[in-house]
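Chain residues, written in single-letter form:
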Amino acid sequence: MTNNKLSFNYSSKRNITEFIFTFLSAFASIIVLMPLIFIIIYVIIKGGSELNLSLLTQLPEPPGDDLNNAGGVGNAIIGTFIVTLLAALISIPIGVGGGIYLAEYSLKGPFSKFIRFGANVLSGVPSIIAGVFIYGIIVSTRIILGSNFSAIAGGLALSILMIPTIIKTTDEGLKLVSNDLRKASIGIGASKFITIIRITLPAAFNSISTGIVLAIARASGETAPLIFTALFSFYWPSGNDMLLQPLATLSVLIYNFAMEPYEAQNQLAWGASFLLVTLILFINLLARWLSNKTMEK
Amino acid sequence: MKKQTLNTGLISNEIISLENVSISYSNVEAVRNIFCKIPRSKVTSFIGPSGCGKSTVLRAINRMNDLIETSSIKGRVIFEGIDIYDKKIDPVEIRRRIGMVFQQPNPFPKSIYENIAFGARINGYTGNMNDLVEYSLRKAAVWEECKDKLNESGYSLSGGQQQRLCIARTIAIKPEVILMDEPCSALDPISTLKIEETIHELKKSFTIIIVTHNMQQALRVSDYTAFYNAEPTSKDGGGKVGYLVEFNETEKVFNQPTQKATEDYISGKFG
Amino acid sequence: MPFNEEFVLRNRPRMEKIIDQSFQNLVLLMASMVAIILLGILTVIFLGSTESIARYGFKFLVQSEWNPVNDQYGAFTAIYGTLLTSLASLTLAIPLGVGTAIFITENFIHHKLRNIIGVMVELLAAIPSVVLGLWAVYIMEPFLRPSFLLIHKYLGWIPLFGSEPLGPGVAPAIIVLSIMILPIITSISRDSLNQVPKKLREASYGIGSTRWITIFRVILPAAISSITGGILLALGRAMGETMAVTMIIGNSNTFNFSIFSPGYTISAMLANQFGEADGNQVSSLMYAALVLMILTLTVNIFAQWMVKKLSLKY
Ligand SMILES: Nc1ncnc2c1ncn2[C@@H]1O[C@H](COP(=O)(O)OP(=O)(O)OP(=O)(O)O)[C@@H](O)[C@H]1O
Ligand SMILES: [Mg+2]
């Protein structure tokens, strides 16, 4: 009989409560996954069907010109690469350098505490504010060779979003490097500069590059900082002053064309979304692979 | 201080001299009032119970303590007539002349060859690198194990081999002084013997200071021995502070210690 | 014996020391960039808005007329919209996010499956907000509209549901926002739950607690401060989130209690008007940006303080 008392009783109040909560949490997970699944499905269905050579190679048509054909997103693909590359070129040296300072030169002082705090705060600044800031100091003042909306302004705005992420991952990556390695290098008479460049930075390479790649993935899908910095363009980027001209990007194209009342432009926005999501998921996989490699070490 | 035998006349040709050195971590004194002259081209061993500050003193000699942000030093460390804590002094140059081998083997995540070439290169070595690599590895008694895999990672070696690689790395920069902090504590007896032979060989061209917990080892390899001990800072226990009890020729320290503490330690009564 | 050769750098050449020192100064400068950028942002926005601040003062915050034609600016609708959408989306997302986090940290299902859910949540965070906006406008909102109509039909007497849902509006914006902040809440909750020491759980089981008593009484309380930090970070993100909201909220400065009517948020207003604004309008937009900046800074600093150590993924 004692056996019976100990056996699982499905109808006890306690077990029913347990079951209800378990069910609720499983239900929550399903709801959380639904949007992702539906977004991916629709991006594939509506965007993937747009995929053809002219999408990749042609220029977009201004809305209303041709009701059946909106052209392609060729210039926006190139533009996304240009503006992300610019942002990376600006933010990687600053971010990695700043992270080096925090982890290697001033691990604990009040200054580095303040900078770490600042990096956290900066990463919480809304991306549209980065756009407003760059608009205020660069675009409206025409400070860079008299140009106003430009690829450079867009790159700068994006770099503001990337810098805190890169600083923090560099800082944390370097902090994980064993102090024994630093001692080994210093102990045979290496200068701090050599120790960092030749020993600690390479040792933290994987985790730092994971952070950089994630920052790039995030920046390449950003729209808000670009709409009044890089603006948009219906032409190919060209000429010597290419970087001083307005530039089309996939994300701004999606925004502009999604809000147009023309079906053809809306379709193009879906096509661009497909490309952008594919690109970003690919970069994310790259980051995941990099960080797995770090774990294996 | 009163307990320390200064033996001022003992060393006539010193390469390093500690003059009233006290070292603190976050304002807590770890060692206090050390006076000691390190003889040139000899092996000096530091012995003493755990936590009495041997590593602390050793690290002060090539300014490795600079890496510990909380540490501070009082007194003077004179190397070849120069106070190495003088403001003008570049600690990097000090470390090129006074190399260090650590307790835990810490090879770089590079190939065995590069582990050795790296230090030589930053010191501006102009000779044949292959020769130097072979020479250093031989000196550190690890050539046989490494010669066929010079391009493999330093991590592919066993712990004892890694340690000898680290010794080779230090030999390769040909410092004037080599500091070794318990270099054999991670080694098997055979590697330990090899290292000890290496030390005998090395002392022809280098001055060596070695921290060891193994009194037999101190006896075997060193010409001079410094015995450190720790005493409570106040009567009611609390913190301890290290000090130098006795410094003399190794043979004397072991056979005719002048201090009671030394005698107790050597005969294994504590520590 | 190879030591007959020289070590020519034994005495460090001046160049080497200069490089060493310049490198340190360089990285110091780069670290300072963080402070410079932050100060720069605050300065630009503050200077840009002084005119509007002088003109409208605090009335700006409580008036909802926004009229470039006769130069009247009040940001109440946008400020209200920012607070309403972010808080409402948080209310939706907290139970879902924390529930999911519990589901994938407990061993209800195989750990591989749990990992897959975790990865999918992180991928959701990677979807650009403009793509989410596109999806919300053309797929989600039409899909949800019948349910909104139903709510309006039966609960329309409550002012909150008082207007007929006709398309873009505050309600779909709230839903999109909650989708966007779900990954943050889920991942941070998951990390915090994972960090709760195992022995706490064992102790609880050891005295005969059930699984959910253990979760509610032992595990959640132990992780609550960093979960709260994560929730605050999500709140900050929701307040500043721009693109998806701009596309779906309807962009109207007319104040309306009903969440089925179009509305505005500060960031949507900036995205919509900043590029073409001039004169007083720019200054008023800057004033609105200043309000947004203060709101997000406050929330973020508070969040920083709560999360403290939990490393940054976002
Ligand atoms: N980095 C540090 N920060 C703070 N205190 C330290 C640090 N390193 C050593 N100490 C303290 O200084 C004292 C001396 O330590 P040290 O490592 O020099 O002793 P030791 O004689 O080398 O011991 P062992 O034989 O165990 O290696 C100890 O009390 C120790 O706690
Ligand atoms: Mg020690």
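Remember, predicted model here, so these are calculated numbers, not experimental data.

## Description of the overall build of chain A
Here is step 1: Helix and strand counts for chain A come out as 12 helices and 0 strands.
Here is step 2: Walking chain A from its N terminus toward its C terminus, one meets helices and strands in the order α-α-α-α-α-α-α-α-α-α-α-α.
Here is step 3: Its C-alpha atoms give chain A principal-axis dimensions of about 85 × 65 × 35 Å.
Here is step 4: Buried residues in chain A amount to 56% of all 297 residues.
Here is step 5: In chain A, the proportion of contacts linking residues at least 24 apart, taken out of those at least 6 apart, comes to 75%.
Here is step 6: A total of about 12,900 Å² of accessible surface is found on chain A, and carbon and sulfur atoms cover 67% of it.

## Observations concerning the nonpolar core
Here is step 1: In this structure, A:Val73, A:Ile100, A:Ile128, A:Ile129, C:Ile41 and C:Leu270 are the most contacted members of the largest nonpolar core, which totals 194 residues.
Here is step 2: The contact partners of A:Ile128, leaving out residues within four places of it in the chain, are A:Ala224, A:Ile227, A:Phe228, C:Gly240, C:Thr242, C:Ser267, C:Leu270, C:Ala271 and C:Leu292.
Here is step 3: Judged by nonpolar contacts, the second largest core, of 36 residues, contains B:Cys36, B:Ile94, B:Phe102 and B:Ala226.

## Examining the interface of chain A and chain B
Interface size is commonly expressed as the accessible surface area that is lost when the partners come together.
Here is step 1: With 16 residues of chain A at the contact, the number on the chain B side is 26 residues.
Here is step 2: When the two sides are added together, the surface that chain A and chain B hide from each other amounts to roughly 1,700 Å², 68% of it contributed by carbon and sulfur.
Here is step 3: When the buried surface of chain A facing chain B is broken down by residue, A:Ile186, A:Ile188 and A:Arg198 rank first, second and third, together holding 34% of it.
Here is step 4: On the surface where chain A and chain B come into contact, there are 0 salt bridges.
Here is step 5: In this assembly, chain A and chain B are joined by 4 residue pairs in polar contact (both at pLDDT 80 or more).

## Some thoughts on the packing of helix α4 (residues 111-126) of chain C against helix α6 (residues 170-195) of chain C
All names here are of chain C.
Here is step 1: Interaxial distance between α4 and α6 falls to 8 Å at its minimum, and their mutual angle equals 135°. Considering their axes alone, α4 and α6 lie oblique with respect to each other. The hand of the α4/α6 crossing is left-handed. For the pair α4 and α6, the contacting residues are Arg114, Asn115, Gly118, Val121, Glu122, Leu124 and Ala125 in the first and Ile179, Pro183, Thr186, Ser187 and Arg190 in the second.
Here is step 2: Grouping the constituent residues of the contact of α4 with α6 by class yields 5 nonpolar, 4 polar and 3 charged.

## Points about the layout of surface pockets
Unfilled space is identified by rolling a water-sized probe across the atoms.
Here is step 1: As a volume, the second largest pocket reaches approximately 1,000 Å³.
Here is step 2: Counting only elements with at least two residues in the lining of the second largest pocket, the list comes to α4 (74-105), α7 (151-176), α8 (179-187) and α9 (192-203) of chain A, α2 (91-97) of chain B together with α1 (14-56) of chain C.
Here is step 3: A class-by-class count of the residues in the lining of the second largest pocket yields 12 nonpolar, 7 polar and 14 charged.

## Section: the packing of aromatic side chains
Here is step 1: Tallied over the entire structure, the rule returns 33 aromatic pairs over all chains.
Here is step 2: Their ring planes at 75° and their centres at 4.9 Å tell us that C:Trp66 and C:Tyr73 sit as a pair that is edge-to-face.
Here is step 3: Ring geometry for C:Tyr80 versus C:Phe257: centroids 6.5 Å apart, planes at 90°, classification edge-to-face. Placement of the pair is C:Tyr80 in helix α3 (residues 76-105) and C:Phe257 in the loop between α9 (243-248) and α10 (266-273), with a sequence separation of 177 residues.
Here is step 4: With relative accessibility at 23%, the residue C:Tyr80 sits in the partly exposed group.
Here is step 5: Every member of this aromatic cluster is reached through a ring pair, and the members are A:Phe21, C:Phe103, C:Phe108, C:Trp212 and C:Phe216.
Here is step 6: A cation over a ring is seen here: B:Arg169 above B:Phe108, with NZ or CZ 4.6 Å from the ring centre.

## Concerning the interface of chain C and chain A
Here is step 1: In this complex, chain C contributes 74 residues to the contact, which on the side of chain A involves 79 residues.
Here is step 2: In this structure, the connection of chain C to chain A is made through 1 salt bridge.
Here is step 3: One salt bridge in this structure joins C:Glu122 and A:Arg288, with 3.0 Å as the shortest N-O distance.
Here is step 4: Viewed at the interface, chain A and chain C are joined by 9 residue pairs in polar contact (both at pLDDT 80 or more).
Here is step 5: Of all the elements, α1(C) adds the most residues to the side of chain C that touches chain A, at 19 residues.
Here is step 6: When grouped by side-chain class, the residues that make up the side of chain C that touches chain A number 52 nonpolar, 16 polar and 6 charged.

## Comments concerning empty space enclosed by the protein
All names here are of chain C.
Here is step 1: Per the stated rule, a full pass over the model turns up 1 cavity of 30 Å³ or more.
Here is step 2: Of the volumes computed, that of the largest cavity is approximately 90 Å³.
Here is step 3: If one sorts the elements of the lining of the largest cavity by residue count, α3 sits on top with 4 residues.
Here is step 4: Here the lining of the largest cavity is built from residues that sort into 8 nonpolar, 5 polar and no charged.

## Structural notes on the packing of α1(C) against helix α11 (residues 280-307) of chain C
All names here are of chain C.
Here is step 1: Packing of α1 against α11 leaves a shortest axis separation of 7 Å and a crossing angle of 120°. As the angle between them shows, α1 and α11 are arranged oblique. Of the two elements, α1 crosses α11, and the hand of that crossing is left-handed. Here Ile41, Leu42, Val44, Ile45, Phe46, Gly48, Ser49, Glu51, Ser52, Ile53, Arg55 and Tyr56 of α1 come into contact with α11, specifically with Asn280, Ser283, Ser284, Met286, Tyr287, Ala289, Leu290, Met293 and Leu297.
Here is step 2: Here the contact of α1 with α11 is built from residues that sort into 13 nonpolar, 6 polar and 2 charged.

## A look at the site of ligand 1
Residues and elements named next belong to chain B.
Here is step 1: Near ligand 1 lie 13 residues; those nearest to it are Ser50, Lys54, Ser55, Thr56 and His213.
Here is step 2: Gly51 places a polar main-chain atom, nitrogen or oxygen, 2.8 Å from an oxygen atom of ligand 1.
Here is step 3: Separating an oxygen atom of ligand 1 from a side-chain N or O atom of Ser55 is a distance of 2.5 Å.
Here is step 4: Sorting elements by how many residues they give to the shell around ligand 1 places helix α1 (residues 54-61) first, with 4 residues.
Here is step 5: Tallied by class, the residues present in the shell around ligand 1 amount to 4 nonpolar, 6 polar and 3 charged.

## Things to note about a nonpolar patch on the surface
Here is step 1: A cluster of nonpolar side chains, namely A:Ile16, A:Phe19, A:Ile20, A:Phe23, A:Leu24, A:Phe27 and A:Ile31, defines an oily patch on the protein surface of about 670 Å² accessible area.
Here is step 2: With respect to the helices, strands and loops of the structure, A:Phe19 is situated in helix α2 (residues 13-48).

## Section: the confidence of the model for chain A
Detailed reading of the predicted coordinates is not advisable wherever pLDDT is low.
Here is step 1: Averaged over chain A, the pLDDT score is 88; the fraction of residues at 70 or greater is 96%.
Here is step 2: Taken element by element, chain A is modelled with least confidence in helix α1 (residues 2-6) of chain A, mean pLDDT 61, and with most confidence in α4(A), mean pLDDT 95.

## Some words on the environment of C:Ala289
Here is step 1: Residue position: C:Ala289 is located in helix α11.
Here is step 2: By relative accessible area, which is 0% here, C:Ala289 ends up buried.
Here is step 3: Once residues lying within four places of it in the same chain are set aside, the contact partners of C:Ala289 are A:Ile129, C:Ile45, C:Ile266 and C:Leu270.

## Let's talk about the side chain of C:Asp20
Here is step 1: Secondary-structure assignment places C:Asp20 in helix α1.
Here is step 2: Reaching out from C:Asp20, the side chain makes a polar contact with the backbone nitrogen of A:Phe193 at a distance of 2.9 Å.
Here is step 3: Dropping the residues within four chain positions of it, C:Asp20 is found in contact with A:Ser191, A:Lys192, A:Phe193 and C:Arg12.

## Some details on the pattern of salt bridges
Here is step 1: Taken as a whole and assessed by the stated rule, the structure comprises 29 salt bridges over all chains.
Here is step 2: Residue B:Glu176 pairs with B:Arg97 through a salt bridge whose shortest N-O separation is 3.6 Å. In this pair, B:Glu176 is assigned in the loop between α6 (159-172) and β7 (177-181) and B:Arg97 in helix α2, connecting sequence segments 79 residues apart.
Here is step 3: The buried category is assigned to B:Arg97, whose relative accessible area is 18%.
Here is step 4: A single salt-bridge network, built from bridges that share partners, covers B:Glu93, B:Arg97, B:Glu176 and C:Lys17.

Conventions adopted
- Residues numbered from 1 in each chain as written.
- Chains lettered and ligands numbered in written order.
- Predicted model: local features only at pLDDT ≥ 70, side-chain atom pairs only at ≥ 80, totals over all residues.
- Heavy atoms only, no water.
- Helix = DSSP H or I, 4+ residues; strand = E, 2+ residues; numbered from the N terminus.
- Buried < 20%, exposed > 50% of the residue type's maximum accessible area, 1.4 Å probe, protein only.
- Contact = heavy atoms within 4.5 Å.
- Areas by Shrake-Rupley, 256 points an atom, 1.4 Å probe, with all protein chains shown as cover.
- Core = buried A, V, L, I, M, F, W, Y, C linked by side-chain atoms within 4.5 Å.
- Buried area = accessible area lost by both parts, 1.4 Å probe.
- Salt bridge = Lys/Arg side-chain N within 4 Å of Asp/Glu carboxyl O.
- Polar contact = N/O pair within 3.5 Å; in protein donor to acceptor, adjacent residues only side chain to side chain.
- Axes fitted to C-alpha atoms, helices over the stretch in contact; angles between N-to-C directions.
- Parallel < 35°, antiparallel > 145°, perpendicular 65-115°, else oblique.
- Left-handed = near helix turned anticlockwise from the far one by under 90°.
- Nonpolar A, V, L, I, M, F, W, Y, C, P; charged D, E, K, R; others polar.
- 1 Å grid on protein atoms, 1.4 Å probe; cavity = no way out; pocket = protein on both sides within 12 Å on 5 of 7 lines; lining within 4 Å.
- Points joined across faces, edges and corners; volume = space filled by probe spheres on them.
- Phe/Tyr/Trp six-rings, centres within 6.5 Å; stacked < 30°, edge-to-face > 60°.
- Lys NZ or Arg CZ within 6 Å of the ring centre and 35° of its normal.
- Near = heavy atom within 4 Å.
- Patch = residues over 30% accessible without salt bridge, like charges linked within 9 Å, V, L, I, M, F, W, Y side chains within 5 Å.
- pLDDT = per-residue confidence, 0-100.

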